[in-house]
Amino acid sequence: MAETPLVFEIATFAVLAVFFVVDLFIIGRKPHVPSTKECVQHIAFFVVMALIFGGLMWFFAGSKPAIEFYSGWLTEYSLSIDNLFVFVIIMSNFAVPKELQKFVLSVGITVALVLRGMFILVGAAIISRFTWVFFLFGAFLIVTAIKLVAGGDEDEEYHENALIHALRKVIKITDEYDGEKLRTIKNGVKHWTPMLIVFLTIGTTDVMFAFDSIPAIFGLTKDPFIVFTSNVFALLGLQQLYFLLGELLDKLVYLPLGLSVVLGFIGVKLIMEALHGNSLPFLNGGQPISWVPEVPTWLSLVVIVLAIGGAALASVIKMR
């Protein structure tokens, strides 16, 4: 299998950095509620960019890494849609003005991307040294899939995590927004605005979702570059999807079922790979179990497309 050229990786990081700078400091600096046309254009742009990037991966590194990217990107994008349910609740909980929500999402998702990057590096280091961790990842994904089917992950209320709760106790925070400012003066004293809490909440909440999505994508590829770029392309289109879907989110009734199929499939695939590279002394005397069949990369992509596409189509039909 060909390796991804270093020049291509560096160029990719440079282009993705430009995407984020433009989104944050040019488009995102203008407080407004994106129109449907604007959202569709942004989403279409990032989808096309992801498709082109996969094509370039195919050209420079071969078909296998490209298919791994497409599989990872579709999985991360689909799982990220679940994040939108919580984002809606967070925006409502903190009474974020409509015209500021795009800016909030841009910064919050950037924070999430940085934290995810660190999570990916740690995950890659762990699985390179301890292959048995795939047993844990696989079992976790299967349990998560079962919970999605059972509705165990649904939560209609937002609950502050420990970091946000502790932060409120040690710094002064106003109840009112002052545009996009993080600091404001109230009664002659400097205070933090709720914008700081919203940024941290969006970012840290998204990382909580990463405990599902990062193990899932490591079940599709072990290349940290592919894992990271899949996450980036999924997050880039997320804020526009937030405004486009809006009230339609609760109508995607079969999405959890489609996601559960994907997570369950990847969980089983991870356990099968762990058996192939087994080193646990109480399983087969610490020797790899070679008779377990390998799941080809193309099959993973097919399962993901059919599961998510079928869930979306079924939801649309039920809406009508």
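Keep in mind the model is a prediction, meaning the values are calculated, not measured.

A. Fine view of the environment of Val262. You can see Val262 is positioned in helix H10 (residues 255-276). Given a relative accessible area of 3%, Val262 falls into the buried group. C-alpha of Val262 to C-alpha of Val303: the two residues are 41 residues apart in sequence and 7.1 Å apart in space. The residues touching Val262, leaving out its near neighbours within four places in the chain, are Thr75, Ile304, Ala307 and Ile308.

B. Molecular detail of the packing of H10 against helix H11 (residues 297-319). Running from amino to carboxyl end, H10 crosses H11 at an angle of 165 degrees, the nearest separation of the two axes being 7 Å. Accordingly, the angle class assigned to the pair H10 and H11 is roughly antiparallel. As for how H10 packs across H11, the hand of that crossing is right-handed. Between H10 and H11, the contacting residues are Leu255, Gly258, Leu259, Val261, Val262, Phe265 and Lys269 on the first element and Leu299, Ser300, Val303, Ile304, Ala307, Ile308, Ala311 and Ser315 on the second.

C. Quick peek at unusual backbone geometry. A positive phi angle, near 50 degrees, is found at Ala95, a position not held by glycine. Along the chain, Ala95 falls in the loop between helix H3 (63-93) and helix H4 (101-129). On the accessibility criterion, Ala95 (54% relative accessible area) is exposed.

D. Helix H2 (residues 36-61), seen in detail. Over its 26 residues, H2 runs 37 Å from end to end, which matches the ideal 38 Å to within 8%, given 1.5 Å per residue. Taken together, the buried positions of H2 are occupied by Glu38, Cys39, His42, Ile43, Phe46, Ala50, Phe53, Gly54, Met57 and Ala61. One or two residues past the end of H2 sits Gly62, with phi positive at roughly 110 degrees.

E. Highlighting the side chain of Thr144. Structurally, Thr144 is set in helix H5 (residues 133-150). We classify Thr144 as buried; its relative accessible area is 5%. A polar atom in the side chain of Thr144 sits 2.8 Å from the backbone oxygen of Phe140.

F. Quick peek at the pairing of strand S1 (residues 183-186). Relative to strand S2 (residues 189-192), S1 runs antiparallel, the two being bridged by 4 bridges. Paired with Lys186 across the two strands is Val189, which belongs to S2. The hairpin formed by S1 and S2 contains 2 residues between the paired strands, and Asn187 there has a positive phi angle of roughly 55 degrees.

G. The packing of aromatic side chains, seen in detail. For the structure on display, the rule yields 16 aromatic pairs. A ring pair is formed by Phe19 and Phe46, whose centres lie 6.0 Å apart and whose planes are at 75 degrees; its orientation type is edge-to-face. Here Phe19 is found in helix H1 (residues 6-27), whereas its partner Phe46 is found in helix H2, with 27 residues between them in sequence. Phe46 shares its class with Phe19; the two are buried. These aromatic residues form a ring-pair network of at least three members: Phe8, Phe13, Phe53, Phe59, Phe60, Phe69, Tyr70, Trp73, Tyr77, Phe225, Phe228 and Phe233. A cation over an aromatic ring shows up here: Arg183 above the ring of Trp192, its NZ or CZ 4.6 Å from the ring centre.

H. Quick peek at the pattern of salt bridges. Evaluation of the coordinates by the stated rule reveals 2 salt bridges. A salt bridge links Glu68 to Lys64, with the shortest nitrogen-to-oxygen separation between them at 2.7 Å. Taken together, the residues span about one helical turn, with Glu68 and Lys64 both in helix H3 at a distance of 4 residues. Note on Glu68: relative accessible area 7%, which makes it buried.

I. Quick look at the packing of H2 against helix H9 (residues 238-245). In contact at an axis separation of 9 Å, H2 and H9 are set at 145 degrees when each is read in the N-to-C sense. Pair H2 / H9 crosses with left-handed handedness. Contacts from Thr36, Cys39, Val40, His42, Ile43 and Phe46 in H2 reach Gln240, Leu241, Phe243 and Leu244 in H9. Of the residues in the contact of H2 with H9, the class split is 7 nonpolar, 3 polar and no charged.

J. Structural context of the confidence of the model for the chain. In the predicted model, the chain carries a mean pLDDT of 79, and 86% of its residues have values of at least 70. At the low end of the mean pLDDT range in the chain sits helix H6 (residues 162-170), at 74; at the high end sits H2, at 90.

Thresholds, definitions, all that
- Residues numbered from 1 in each chain as written.
- Predicted model: local features only at pLDDT ≥ 70, side-chain atom pairs only at ≥ 80, totals over all residues.
- Heavy atoms only, no water.
- Helix = DSSP H or I, 4+ residues; strand = E, 2+ residues; numbered from the N terminus.
- Buried < 20%, exposed > 50% of the residue type's maximum accessible area, 1.4 Å probe, protein only.
- Contact = heavy atoms within 4.5 Å.
- Axes fitted to C-alpha atoms, helices over the stretch in contact; angles between N-to-C directions.
- Parallel < 35°, antiparallel > 145°, perpendicular 65-115°, else oblique.
- Left-handed = near helix turned anticlockwise from the far one by under 90°.
- Expected span 1.5 Å × (residues − 1).
- Polar contact = N/O pair within 3.5 Å; in protein donor to acceptor, adjacent residues only side chain to side chain.
- Pairing = 2+ DSSP bridges.
- Phe/Tyr/Trp six-rings, centres within 6.5 Å; stacked < 30°, edge-to-face > 60°.
- Lys NZ or Arg CZ within 6 Å of the ring centre and 35° of its normal.
- Salt bridge = Lys/Arg side-chain N within 4 Å of Asp/Glu carboxyl O.
- Nonpolar A, V, L, I, M, F, W, Y, C, P; charged D, E, K, R; others polar.
- pLDDT = per-residue confidence, 0-100.

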